[in-house]
Amino acid sequence: MDIPQDVQQVIRTIESAGYTAWAVGGCVRDSLLNKKPKDYDVASSCPPEYVCRLFKKCAKTGIKYGTVTVITDTVPVEVTVYRRESGYSDRRHPDRIAFAEDITTDLSRRDFTINAMAWHPQRGLCDPFGGKGDIENRVIRAAGDPNVRFDEDALRVLRCLRFASELDFEVESRTLDAVIKKAPALANISAERVRDELVKLISGSRPELAEVIIKAGGLAHIGIEKISNPKLLRRLPPAKLVRIAGFLWCCLDDRARQTIKIILSSLRVDNRTIFAVCSLMSEMTRPLPKNSVELKKRFSHLPPQEWENLLALRSIFLKEDTHHINEMLAQAKSEPWSRSMLAVSGHDLAKLGIEGRDTGRVLKKLLEKVIREPELNDRDTLMDIAANLKS
Ligand code: ATP
Ligand code: MG
């Protein structure tokens, strides 16, 4: 198991103070999958205040939940005291945080078998639910009775499909039945948690699994009730923005597309992303530019780096042949298309006596010329042209 030395050292330091500690969760799963873990978690019997005293650099990131972050030279390590499943009477927040004595209890509060494994440099793998076998068979299975586990925290229904999509795994049949049965309870989960899991789900290698949750009514509360051709989403690049746009395209008909802003804000998506998704969507219904001049004029509405995404969306969902524009794009991107890219500014024009309202008018004309003939974008040339445009 390829757990970094610094993480192993954290475990040893905690143990030399008389406690037990294990690497847990995502980092164990990803190491078994030969994937580089995003972060490292350690579970231990050591109380968080005491963990802090054992290390030079430590951040109190979640003392209330029993978590502190140890900053090592190479990676941050989240150290959490062993916990047990606690009540979720509002299906949102655990009623109280309950601590546990041992790693096995801690593992049994975790959601899926593949996430419920621990590893120790000497004691090796602790795998009470058969997570290693499920990884080998590429299966997502709830740790314990899926109906009970999803009742405790309904977000798990979405996490289940998210992991299946990210890892390209199948969902075990009883777990899948419970996902479908419990999906409507997602309405009780905070929007931010739903957003994060949903975006990961549709950005993964099986984005069509979103259909399961939609058909089961799990997203009705945010206005998403059906989806068509979800398999097409696979063909989009696995980037967040373009997958969100594609997903909404599959879920909403022409009329319902008016509600995109409302849907995304109800999911607490940030304004920049909302704006970018809306720009992509509105470009879906405009005619494609016919030549590179038209294309550059459209960059002010949808920036050049988003055009590849738009062309992917259009070729997949509108079945358009976008090869020609794709080829134009590389060249057009390297040419000036906005006022700020002109070789002269309003300040330069003032030296010619062009001021006030005239500044905007002349800059606009110059830009039109430069968009047509990029080689004109040279200070002296543009100053000459501007002098002639002076009224
Ligand atoms: P990623 O690499 O995408 O972050 P992860 O497995 O680390 O995946 P996290 O959401 O960071 O996922 O959670 C860390 C661990 O905490 C999980 O592996 C799992 O053991 C446990 N966990 C997280 N959320 C839940 C939940 N809602 N219910 C039960 N266990 C959970
Ligand atoms: Mg994680």
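Residues numbered from 1 in each chain as written. Chains lettered and ligands numbered in written order. Predicted model: local features only at pLDDT ≥ 70, side-chain atom pairs only at ≥ 80, totals over all residues. Heavy atoms only, no water.

Orientation of helix α7 (residues 155–167) relative to helix α9 (residues 191–203), taken along the N-to-C sense of each, is 20°, at an axis distance of 8 Å. Relative to α9, the element α7 lies roughly parallel. For α7 against α9, the interelement crossing comes out left-handed. Mapping the contact onto sequence places Leu155, Leu158, Arg159, Leu161, Arg162, Ser165 and Glu166 in α7 and Arg193, Val194, Glu197, Leu198, Lys200 and Leu201 in α9. A breakdown of the residues in the contact of α7 with α9 according to their chemical character gives six nonpolar, one polar and six charged. (Axes fitted to C-alpha atoms, helices over the stretch in contact; angles between N-to-C directions. Helix = DSSP H or I, 4+ residues; strand = E, 2+ residues; numbered from the N terminus. Parallel < 35°, antiparallel > 145°, perpendicular 65-115°, else oblique. Left-handed = near helix turned anticlockwise from the far one by under 90°. Contact = heavy atoms within 4.5 Å. Nonpolar A, V, L, I, M, F, W, Y, C, P; charged D, E, K, R; others polar.)

Core analysis: the biggest nonpolar cluster contains 99 residues, and Ile213, Leu219, Phe247, Leu248 and Phe317 have the highest contact counts within it. With nine residues, the top contributor of residues to this core is helix α11 (residues 240–251). With sequence-adjacent residues up to four places away left out, Ile213 is seen in contact with Val157, Leu158, Leu161, Val179, Ala183, Leu186, Gly218 and Leu219. The next biggest cluster of nonpolar side chains, apart from the first, holds 17 residues, and it includes Leu366, Leu367, Leu376 and Leu389. (Core = buried A, V, L, I, M, F, W, Y, C linked by side-chain atoms within 4.5 Å. Buried < 20%, exposed > 50% of the residue type's maximum accessible area, 1.4 Å probe, protein only.)

Interhelical geometry of α9 versus α11 gives an angle of 90° and a closest axis separation of 9 Å. One way to sum up the angle between α9 and α11 is to call them roughly perpendicular. Residues Leu198, Val199, Ile202 and Ser203 of α9 lie in contact with α11, whose contacting residues are Lys240, Arg243, Ile244 and Phe247. In the contact of α9 with α11, the residues fall into five nonpolar, one polar and two charged.

Pairing analysis gives five bridges linking strand β2 (residues 40–44) to strand β5 (residues 76–81), with the strands arranged parallel. The residue of β5 that forms the bridge with Asp41 is Glu78. Here strand β4 (residues 67–71) runs beside β5; their pairing, made up of five bridges, is antiparallel. Paired with Val70 across the two strands is Val77, which belongs to β5. (Pairing = 2+ DSSP bridges.)

Bringing the environment of Val28 into the picture now. Turning to its location among the elements, Val28 is positioned in helix α2 (residues 26–32). The exposure class assigned to Val28 is buried, which follows from its relative accessible area of 0%. For Val28 and Met117, which are 89 residues apart along the polypeptide, the C-alpha to C-alpha distance reads 6.6 Å. Setting aside its immediate chain neighbours within four residues, Val28 contacts Met1, Ala23, Met117, Ala118, Trp119 and Leu125.

Moving on, we get to the site of ligand 1. Around ligand 1 there are 15 residues in total, and Arg29, Lys38, Asp153, Arg156 and Arg162 lie nearest to it. In this structure, Asp153 approaches ligand 1 through a side-chain N or O atom, which is 2.9 Å from a nitrogen atom. Arg156 has a polar side-chain atom sitting 2.7 Å from a nitrogen atom of ligand 1. Contact with the protein chains removes 81% of the 590 Å² of surface that ligand 1 exposes when unbound. Residue assignment for the shell around ligand 1 shows that the elements contributing at least two residues are α2, α7 and α9. With four residues, α7 is the single largest residue contributor to the shell around ligand 1. (Near = heavy atom within 4 Å. Polar contact = N/O pair within 3.5 Å; in protein donor to acceptor, adjacent residues only side chain to side chain. Areas by Shrake-Rupley, 256 points an atom, 1.4 Å probe, with all protein chains shown as cover.)

The subject of this paragraph is the sheet that holds strand β9 (residues 124–126). Strands belonging to one sheet form pairs held by backbone hydrogen bonds; the direction of such a pair is parallel or antiparallel. Ordered by their spatial adjacency, seven strands build an open sheet running β3-β4-β5-β2-β1-β8-β9, and the pairing between neighbours is mixed. Looking at strand neighbours, the two that pair on one side only are β3 (58–62) and β9, the edges of this open sheet. The sheet shows a mean angle of 30° between the axes of neighbouring strands, taken without regard to direction.

A few words on the pattern of salt bridges. Taken as a whole and assessed by the stated rule, the structure comprises 32 salt bridges. With its nearest N and O atoms 2.7 Å apart, the salt bridge here joins Glu152 to Arg149. With Glu152 and Arg149 both in helix α6 (residues 146–152) and three residues apart, the pair spans about one turn of that helix. Residue Arg206 is joined to Glu170 by a salt bridge in which the shortest nitrogen-to-oxygen separation is 3.7 Å. Here the residue Arg206 occupies a position in the loop between α9 and α10 (210–215), and Glu170 occupies one in strand β11 (residues 170–171), the gap between them amounting to 36 residues. Judged by relative accessible area, Glu170 falls into the partly exposed class, the value being 48%. One salt-bridge network, in which partners are shared between bridges, spans Asp111, Arg159, Arg162, Glu166 and Glu197. (Salt bridge = Lys/Arg side-chain N within 4 Å of Asp/Glu carboxyl O.)

Look at helix α1 (residues 5–16): 16 Å from first C-alpha to last across twelve residues, which is about the 16 Å you get at 1.5 Å a residue. On the buried face of α1, the contacting elements are β1 (21–24), β2, α3 (48–54), β4, β5 and β8 (118–120). Backbone geometry just downstream of α1 places Gly18 in the positive-phi region, at approximately 100°. (Expected span 1.5 Å × (residues − 1).)

What follows deals with the side chain of Glu306. Among the secondary structure elements, Glu306 is positioned in helix α15 (residues 304–317). No salt bridge is formed by the buried Glu306; the nearest opposite charge belongs to Arg272, separated by 8.5 Å. (Lys, Arg positive; Asp, Glu negative; His and termini not counted.)

Turn by turn, an α-helix covers 3.6 residues, leaving residues three or four places apart pointing in a common direction. For helix α16 (residues 323–333), every residue scored as buried is listed here: Ile325, Met328, Leu329 and Ala332. Taken around the axis of α16, the buried residues stretch over an arc of 120°, which confines them to a single face. For α16, the exposed residues set more than 90 degrees away from the buried face come down to His323, Glu327 and Ala330. The inward-facing, buried residues of α16 abut α14 (292–298) and α15. (Arc of directions from axis to C-beta.)

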